[in-house]
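Chains, contacts and geometry: an overview
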Amino acid sequence: MEISNRRDDDHKALVQWMAHNQGADHSSDIFLLALLEFVAASSQTKLNESDSYKLALSVVDNVRHAFGGQQLYISKGRTLDSLILKNKVWNEFTGQNQAELASKYNVSLPYIYRIVQSMRLISRISNTTDQPDMFPELYECINSKDQE
């Protein structure tokens, strides 16, 4: 049976079969096969089966060539989840919808306030570093006197 013809949940059965029949020595192969299945299944909503399978093979090949032979630890991604949540909250924040956001994302209202506060700070810092100097002539004058 071709991998690209499987239902979305069939990868679990295939991974379990490989783990049982090949042992723990081949866990990296199981990971690559699972990655192939995940990418193929998730891309089929946008691509046809053949293209989604080609994309999945490309992703797996890139992962193999970039990290092949290394021992990798794959985190649960809690930091990434937190950053994604903070960006979603910040993008949807209107100035008066904190309670709505807390309810929508199933977090506390104080947590929404902390997110908004930290994102405001990050926004201010990033905006001030990109802002041009208001008095470049004054800085030039001060710098030239310091060099004398």
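About the criteria used
- Residues numbered from 1 in each chain as written.
- Predicted model: local features only at pLDDT ≥ 70, side-chain atom pairs only at ≥ 80, totals over all residues.
- Heavy atoms only, no water.
- Core = buried A, V, L, I, M, F, W, Y, C linked by side-chain atoms within 4.5 Å.
- Buried < 20%, exposed > 50% of the residue type's maximum accessible area, 1.4 Å probe, protein only.
- Helix = DSSP H or I, 4+ residues; strand = E, 2+ residues; numbered from the N terminus.
- Contact = heavy atoms within 4.5 Å.
- Salt bridge = Lys/Arg side-chain N within 4 Å of Asp/Glu carboxyl O.
- pLDDT = per-residue confidence, 0-100.
- Phe/Tyr/Trp six-rings, centres within 6.5 Å; stacked < 30°, edge-to-face > 60°.

**Digging into the nonpolar core**
In this structure, Leu-85, Val-89, Phe-93, Leu-101, Ala-102, Tyr-105, Ile-112, Ile-115, Val-116 and Met-119 together form the largest nonpolar core, which totals 10 residues. When contributions to this core are tallied by element, the ones reaching two or more residues are helix 4 (78-92), helix 5 (98-104) and helix 6 (109-130). If you tally residues by element for this core, the top one is helix 6, at four residues. What Phe-93 contacts, discounting residues up to four positions off in sequence, is Gln-98, Leu-101, Val-116 and Arg-120. One finds Leu-33, Leu-35, Ala-56 and Val-60 within the second-largest nonpolar core, a separate group that totals eight residues.

**Some remarks on the pattern of salt bridges**
Two side chains bearing opposite charge may form a pair once their charged atoms approach each other closely. Inspection of the entire model under this criterion finds two salt bridges. As a salt-bridge pair, Arg-64 and Asp-61 come within 2.9 Å of each other at their nearest N and O atoms. With a gap of three residues between them, Arg-64 and Asp-61 both fall in helix 3 (residues 49-67), about one helical turn apart. With relative accessibility at 31%, the residue Asp-61 sits in the partly exposed group.

**Considerations on the confidence of the model for the protein chain**
Of all residues in the protein chain, 66% attain a pLDDT of 70 or more, and the chain-wide mean is 76. Of all the helices and strands in the protein chain, helix 1 (residues 10-22) carries the lowest mean pLDDT, 54, while helix 5 carries the highest, 95.

**Considering the packing of aromatic side chains**
Enumeration over the complete set of coordinates arrives at one aromatic pair. Considering the side-chain rings of Trp-90 and Phe-93, the 6.1 Å spacing of their centres and the 15° angle between planes classify their relative orientation as stacked. Looking at Phe-93, the relative accessible area reads 15%, which means it is buried.

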